[in-house]
Amino acid sequence: MENGTVNGYEMDEKQDRSRSVISIKAILSLLLESVDENNHSRSVISLGMGDPTAHSCFHTTHVAPEAVVDALQSGKFNGYAPPVGLPQTRRAIAEYLSRDLPYKLSSDDVFITSGCTQAIDVALAMLARPGANILLPRPGFPIYELCAAFRHLEVRHFDLLPEKGWEVDLDTIEAIADQNTVAVVIINPGNPCGNVYSYQHLKKIAETAEKLKVLVIADEVYGHLVFGRNPFVPMGVFGSIVPVLTLGSLSKRWVVPGWRLGWFATSDPSGMFRNPKVVERIKKYFDILGGPATFIQAAVPGILELTDEVFFKKTISILKQSSDICFDRLKEIPCISCPYKPEGSMAMMMKLNLSLLEDISDDIDFCFKLAREELVIILPGKK
């Protein structure tokens, strides 16, 4: 492959929308490259990656590595796992998710993925068809746009409203959806805004999606990591109103992102996803995927069953304290403000007042100069 050609065939740049989408890892790499290599007096402070293990205050529970060691030493999990995941792992995750639902999921509703990123790709691949479009939040998580570009899914954006706690602009959703819309993506707890939606707002989202006859992709990778006024409510609670694809992982709540253990669950008590043709399509797609290591999958039942609340409360306490410190310190910086105090996840969205800055053209310029001059890495809000 060279200069946009593959084996002599030229790629159509108009169709290759991925060229216009930059990933978080790509922008992080560029920011780190911009750091002054001659400045060795201070360490780089990287606040741009949602990897809690990069900070010494976050540790997983002792239960997690012990379960992995037990699985390894048993000698039973050195071979391939079924493409959709080990039966006991699927069953354990179904039971875990069902704790917060008014109905019970079965193991057949759960498919094991290599992290939540692969779950995102699976969801979009299953929905992609010629002429289809998908509704994504703005601000949002860039991986969705990248996956959509590779799947030739048209992206349409709806705004999140900072003055309303980053709630979804439901009027915009109704305005931009059409007969070719296949899904609306809801990220809750929010990344990058740190919002946590109320039961009432999530119900309105479900009712709007049902009215438009589109399903909901619920990205809940930060599920339960909340520390504000609203408790975490899974979108699957409203599965009887509208079909929901729930995406999640162990990564954030258990502080093990490198283990790459995620899931794709059909939260749909009405049974649309149990159609034999739909199930067969999903299973066939998983035949070409590589899931997490078998011994990591085997450790999941023990991890989910034996982790105590003390561990979860400690993690949430650290997140809340960090969020409070960041929010309060930002008040001391005239050119930066936070429209809404975070209530969950590990992210915060800030507003930059360019009129108070000299020689700064936009947020991208600001982030690169901050990295180069102060060795602090944050992400720009623009795509």
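Just so it is clear, the model here is predicted, and its values are computed rather than measured. (Residues numbered from 1 in each chain as written. Predicted model: local features only at pLDDT ≥ 70, side-chain atom pairs only at ≥ 80, totals over all residues. Heavy atoms only, no water.)

As for the sheet that holds strand E7 (residues 167-168)
For sheets, the rule is that strands pair by backbone hydrogen bonds, running either parallel or antiparallel.
Phase 1 of the analysis: In spatial order, the strands read E4-E11-E10-E9-E8-E5-E6-E7; together these eight strands make up an open sheet with mixed pairing. One side of each edge strand has no neighbouring strand; the edge strands of this open sheet are strand E4 (110-114) and E7.
Phase 2 of the analysis: The sheet contact formed by strand E5 (residues 133-138) and strand E6 (residues 154-161) spans six bridges and is parallel. Across the sheet, residue Asn133 finds its bridge partner in E6, namely Glu154. (Pairing = 2+ DSSP bridges. Helix = DSSP H or I, 4+ residues; strand = E, 2+ residues; numbered from the N terminus.)

Brief notes about the UniProt feature "domain: Aminotransferase class I/classII large" (unreviewed entry) in the protein chain
Phase 1 of the analysis: The UniProt record marks residues 43-382 with the feature "domain: Aminotransferase class I/classII large" (unreviewed entry), using the residue numbering of this structure.
Phase 2 of the analysis: Split by type, residues 43-382 is 36% helix and 16% strand. Its first and last C-alpha atoms lie 26 Å apart. (UniProt positions renumbered as here; feature names shortened; annotations may be inferred.)

Brief notes about the pairing of strand E9 (residues 215-219)
Phase 1 of the analysis: Of all five residues in E9, five are buried, a share of seventy percent or more.
Phase 2 of the analysis: Burial of the side chains of E9 extends over both faces: Leu215, Ile217 and Asp219 are buried on one face and Val216 and Ala218 on the other.
Phase 3 of the analysis: Sheet topology note: the strand E8 (residues 181-187)/E9 ladder contains five bridges and is parallel. Each bridged residue has a counterpart across the sheet, and for Val185 the counterpart in E9 is Ile217.
Phase 4 of the analysis: Bridge count between E9 and strand E10 (residues 244-249): four bridges; the pairing is parallel. Among the inter-strand pairings, Ala218 is bridged to a residue of E10, identified as Thr246. (Buried < 20%, exposed > 50% of the residue type's maximum accessible area, 1.4 Å probe, protein only.)

A look at the pattern of salt bridges
Side chains carrying opposite charge are able to pair once their charged atoms draw close together.
Phase 1 of the analysis: In the structure shown here, the tally under the stated rule is 13 salt bridges.
Phase 2 of the analysis: For Asp109, the salt bridge goes to Arg274, with nearest N and O atoms at 3.5 Å. You can see Asp109 sitting in the loop between helix H3 (87-98) and E4 and its partner Arg274 sitting in the loop between strand E11 (261-267) and helix H8 (276-286), a full 165 residues away along the chain.
Phase 3 of the analysis: Among the residues examined, Arg274 registers a relative accessible area of 44% and is labelled partly exposed.
Phase 4 of the analysis: Taking the shortest distance from any N to any O, the salt bridge between Asp121 and Arg151 comes out at 2.7 Å. Taken together, the residues span a long stretch of sequence, with Asp121 in helix H4 (residues 115-127) and Arg151 in the loop between helix H5 (143-150) and E6 at a distance of 30 residues.
Phase 5 of the analysis: Note on Arg151: relative accessible area 27%, which makes it partly exposed. (Salt bridge = Lys/Arg side-chain N within 4 Å of Asp/Glu carboxyl O.)

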